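A closer look at the structure
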Amino acid sequence: MKTVTVQKLKEAFHLEVLAGDSHMDRVITRPRTHRPGLEFVGYFDFFPMNRVQVLGRKEINYLLTLSVEERKLHIGNVVKYHPPCFIVTSGQQEIPYLILFCEQEGIPLLRTTETTTEFIARLDSYLIKALAPEISIHGVCVNVSGIGVLLRGKSGIGKSETAHTLIRRGHRFVADDIVVLKKLGPATLLGTHNETTREFLALRSVGLINVVRQYGRRAFQEETRIVLDIELAPWQENSLNNELEVEPQFTEYLGVKIPHIEVQLQPGRDVAGLIEAAANNWYLKQLGYSAAEEFMKRIQDEMQQ
């Protein structure tokens, strides 16, 4: 199971530690945060105790309306479940009672100056990605006109060279050699690099190049949603390569099915251009348009005349 420590969260979001600084090694195992509003009024059914607990102005202002004894009771009932940490938003100051409880129970209490809505949106996104199931595969990842493409094939077949041509045409590079795939949802697969190879593209006979240094920041992006799996393969003389409508094929990664296309290589073929065409064709299909269907309709219309 993947985990994120409270210390890593503190560093990623530049949080201020108010209590429990000796317990920053506590781990977070669940994505998404929780605001314990109902729990402060005594309703604990379905309380997600293993999530980060975020305290906004509503929660803090409610606690301030209580008497000292009521406040101790309600806070104590929540703290005893030992969530990974509490984070106070909007830089709120009137929380000495929270500091006391968290120190006693060894639970980190942190603070941010960000508003509750903005902070939760950023933190949820961070945790979903950080805790997502992931695998590493051999390939190249590029973003072609906003469409995430995974290029696969045997070593030396030309994946990196094809990616380099796409970069020169204005598309964006994500990862070379090792592509990290993260499952963010039932139908969402994210492609990214493994940090070590970030921005580097290996070209045979040339060596490593830094894409950002050579082509600028706009030639690189950290991650992209994968929607096409394209395999580069040797040319096969007897295979049929002129179908009007290719039968849909899929490749499955982490339980997510991705449309699969095989592009056969031959001297003179514009492979990068074919990948651009495949990406644009996928996009048009999402809009409900099929060139093959329109072509067949024209033939039928001509036959009926």
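The structure reproduced in this document is the subject of the present report. Please read these numbers as outputs of a predicted model, since none were measured by experiment.

**Brief notes about the overall build of the protein chain**
Scanning the protein chain from N- to C-terminus turns up 10 helices and 15 strands. Taking 19 Å as the expected radius of gyration for a compact globule of 305 residues, we find that the protein chain reaches 26 Å, considerably beyond that expectation. Expressed along its principal axes, the backbone C-alpha trace of the protein chain runs to roughly 85 × 55 × 30 Å. Residue burial in the protein chain is summarised as follows: out of 305 residues, 45% are buried. Within the protein chain, contacts between residues at least 6 apart in sequence are counted, and of these 69% link residues at least 24 apart.

**Details of the pattern of salt bridges**
Opposite charge on two side chains allows them to pair when their charged atoms are near. Per the stated rule, a full pass over the model turns up 15 salt bridges. Note that Arg198 is salt-bridged to Glu222, the shortest N-O span being 2.2 Å. Placement of the pair is Arg198 in the loop between strand 10 (188-192) and strand 11 (200-203) and Glu222 in the loop between helix 8 (211-215) and strand 13 (223-234), with a sequence separation of 24 residues. Judged by its relative accessible area of 27%, Arg198 is partly exposed. A cluster of three or more residues bridged by salt bridges with shared partners is formed by Arg198, Glu199, Arg217 and Glu222.

**Some remarks on helix 4 (residues 68-79)**
Taking 1.5 Å per residue, 12 residues should reach 16 Å; helix 4 reaches 16 Å between its end C-alpha atoms and fits that length. Within helix 4, burial applies to Arg71, His74, Ile75, Gly76, Val78 and Val79. Of the surrounding secondary structure, the elements contacted by the buried residues of helix 4 are helix 2 (37-40), helix 3 (57-65), strand 5 (86-88) and helix 5 (96-105).

**Overview of the nonpolar core**
Formed by 28 residues in total, the largest nonpolar core has its most connected members in Val142, Val144, Val149, Leu151, Leu201, Ile230 and Ile275. Per-element accounting of this core gives the leading share, five residues, to helix 9 (residues 271-286). One finds Ala19, Val88, Phe101 and Leu109 within the second-largest nonpolar core, a separate group that totals 21 residues.

**Regarding unusual backbone geometry**
Comment: phi is negative for the bulk of residues other than glycine, and the bulk of peptide bonds are trans. Of note in the backbone geometry, His14 takes a positive phi value of approximately 55 degrees without being a glycine. Mapped onto the secondary structure, His14 falls in the loop between helix 1 (6-13) and strand 2 (16-19). Although it is not a glycine, Phe46 adopts a positive phi angle of roughly 65 degrees. A relative accessible area of 75% means that Phe46 is categorised as exposed.

What counts, and where the lines are drawn
Sequence order sets the numbering: in each chain, residues are counted from 1 along the sequence as written. Only residues with pLDDT of at least 70 are given local features in this predicted model, and only at 80 or more are side-chain atom pairs given and counted; all residues enter the totals for whole chains, interfaces and linings. Only hydrogens and water are removed before side-chain values are computed, so all heavy atoms of the structure are retained for them. Strands here mean DSSP runs of E at least two residues long; helices mean DSSP runs of H or I at least four residues long; both are numbered from the N terminus. Computation of the radius of gyration draws on C-alpha atoms, with the globule rule given as 2.2 Å multiplied by the number of residues to the power 0.38. Categorising residues by exposure relies on relative accessible area from a 1.4 Å probe, with only protein chains included: less than 20% of the type maximum marks a residue as buried, more than 50% marks it as exposed, and the intermediate range marks it as partly exposed. Here a residue-residue contact requires only that any non-hydrogen atoms of the pair lie within 4.5 Å. Salt-bridge detection follows one rule: a side-chain nitrogen of Lys or Arg within 4 Å of a carboxyl oxygen of Asp or Glu. In this analysis, the expected span of each helix is defined as 1.5 Å times one less than the number of residues it contains. Think of a nonpolar core as a cluster: buried Ala, Val, Leu, Ile, Met, Phe, Trp, Tyr and Cys residues, connected wherever their side-chain atoms sit within 4.5 Å.

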